[in-house]
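The residues making up each chain are set out below.
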Amino acid sequence: MENVIVTIARQYGSGGKTIGEMFAKKNSINCYNREILRMASDESGIDEKLFNQADEKLKSSPLFGITKKVYKGELIPPESDDFVSNDNLFNYQAKVIKELAQEESCVMIGRCADFVLRDNPNVVSVFVHAPKTYCMARALERSSLGWKEMEKFIAKTDKYRGDYYRYYTGREWNDARNYDLCLDSSKLGFDKCVEEIEAYIKIRFREMLEPV
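Residues numbered from 1 in each chain as written. Predicted model: local features only at pLDDT ≥ 70, side-chain atom pairs only at ≥ 80, totals over all residues. Heavy atoms only, no water.

Naming follows an unreviewed UniProt entry, where the chain appears as Cytidylate kinase of Robinsoniella peoriensis.

**Q** How would you summarise the nonpolar core if you had to cite specific residues and measurements?
**A** Ranked by size, the top nonpolar core spans 35 residues in total, and within it Ile5, Phe51, Phe90, Ile97, Met108, Val116 and Leu117 carry the most contacts. Those elements giving two or more residues to this core turn out to be β1 (5-10), α2 (35-44), α3 (48-60), α4 (86-103), β3 (106-109), α5 (113-116), β4 (123-129) and α7 (147-169). Ranked by residues supplied to this core, first place goes to α4 with 8 residues. With residues up to four places along the chain from it excluded, the contact list for Met108 reads Ile5, Val6, Thr7, Ile8, Tyr32, Ile97, Leu100, Ala101, Ala113 and Leu117. (Core = buried A, V, L, I, M, F, W, Y, C linked by side-chain atoms within 4.5 Å. Buried < 20%, exposed > 50% of the residue type's maximum accessible area, 1.4 Å probe, protein only. Helix = DSSP H or I, 4+ residues; strand = E, 2+ residues; numbered from the N terminus. Contact = heavy atoms within 4.5 Å.)

**Q** Describe the sheet that holds strand β2 (residues 30-32), naming the residues involved and giving the relevant values.
**A** Strand order in the open sheet formed by 5 strands is β2-β3-β1-β4-β5, and the pairing between neighbours is parallel. Of all the strands in the sheet, just β2 and β5 (181-184) have a single pairing partner and so form its edges. Sheet twist, expressed as the average angle between the axes of neighbouring strands with direction ignored, equals 20°. In terms of strand pairing, β1 meets β3 through 4 bridges, oriented parallel. Residue Thr7 lies in a different strand from β3, and its bridge partner there is Met108. Along the sheet, helix α1 (residues 16-26) contacts β1, β2, β3 and β4; its crossing angle with β3, the most-contacted strand, is approximately 170°. (Pairing = 2+ DSSP bridges. Axes fitted to C-alpha atoms, helices over the stretch in contact; angles between N-to-C directions.)

**Q** Talk me through the pattern of salt bridges; I want residue IDs and the actual numbers.
**A** This model, assessed by the stated rule, comprises 12 salt bridges. Taking the shortest distance from any N to any O, the salt bridge between Lys26 and Glu198 comes out at 3.0 Å. One end of the pair, Lys26, is in helix α1; the other, Glu198, is in helix α8 (residues 185-205), and 172 residues separate them in sequence. Relative accessible area serves as the criterion here: at 51%, Lys26 is assigned to the exposed category. Assessed through its relative accessible area of 13%, Glu198 is described here as buried. The closest approach of N and O atoms between Asp42 and Arg38, which form a salt bridge, is 3.6 Å. Taken as a pair, Asp42 and Arg38 lie in helix α2 at a separation of 4 residues, close to a single helical turn. If you follow the salt bridges from partner to partner, you end up with Lys159, Asp163, Arg166 and Glu172 in one network. (Salt bridge = Lys/Arg side-chain N within 4 Å of Asp/Glu carboxyl O.)

**Q** Which residues make up the state of the cysteines, and what are the values?
**A** All told, the structure shown has 0 disulfides when counted by the stated rule. This cysteine, Cys106, is not joined by any disulfide, and Cys31 carries the nearest cysteine sulfur, 8.6 Å off. In this structure Cys106 comes out as buried when scored by relative accessible area, which is 0%. Cysteine Cys182 remains unbridged, with the sulfur of Cys193 as its closest cysteine sulfur at 11 Å. On the accessibility criterion, Cys182 (34% relative accessible area) is partly exposed. (Disulfide = S-S within 2.5 Å.)

**Q** Mind laying out the environment of Glu141, listing which residues take part and the relevant values?
**A** Take Glu141: it is sitting in helix α6 (residues 132-141). Here Glu141 falls in the exposed class, since its relative accessible area comes to 66%. When the C-alpha atoms of Glu141 and Val4 are compared, they prove to be 33 Å apart, with 137 residues separating the residues in sequence.

**Q** If you had to explain the packing of α6 against α7 to someone new, which residues and values would you point to?
**A** α7 packs onto α6 with a crossing angle of 115° between their chain directions and a minimal axis gap of 10 Å. As far as their axial angle goes, α7 and α6 are roughly perpendicular. The handedness of the crossing between α6 and α7 comes out as right-handed. Contact residues: Lys132, Cys135, Met136, Ala139 and Leu140 in α6; Trp147, Met150, Glu151 and Ile154 in α7. For the contact of α6 with α7, the class distribution of residues is 7 nonpolar, no polar and 2 charged. (Parallel < 35°, antiparallel > 145°, perpendicular 65-115°, else oblique. Left-handed = near helix turned anticlockwise from the far one by under 90°. Nonpolar A, V, L, I, M, F, W, Y, C, P; charged D, E, K, R; others polar.)

And the structure:
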């Protein structure tokens, strides 16, 4: 069996990242999140700080959320003035995502991985969501912010994730049609979300994979 890659997109506070990590640990595979930035830095030779700063630059752009720069797979060469542009930083992240998918079964959190790997037949794309009150309660457990502040923070974070996804994919981040599975973590709980992903893989690929 070839590699199976699980991509996780998630609302803030829904526990999607935790679910992805739990799935990876249970199946003895790697889970990649911000590690992809370091790997993209190593791959390109571009300072990792620029990858970390790219998100903030996009957030501050007045056109972000309106314009699109749909990823097509190209890399901008080092001699170009746009070599360290935000778009090329994304291109290198995508390159790393594709290479990892070729090398191993793994879980990938965010980074539009479902879109980058859309032509890979062994990708299982998952969107984890939950009601606002559930996401708020979970987020407040891990923060000193008050209710109103957290409410604004979550709204801003999810808006950015939606804008980021639309910018690089041309698709809507929270559209169920973009994913194989949409899981409400408030109804299932984290353990059962993991079980649902495993059950889907077992049915789709007609065998239990150990490790996946």
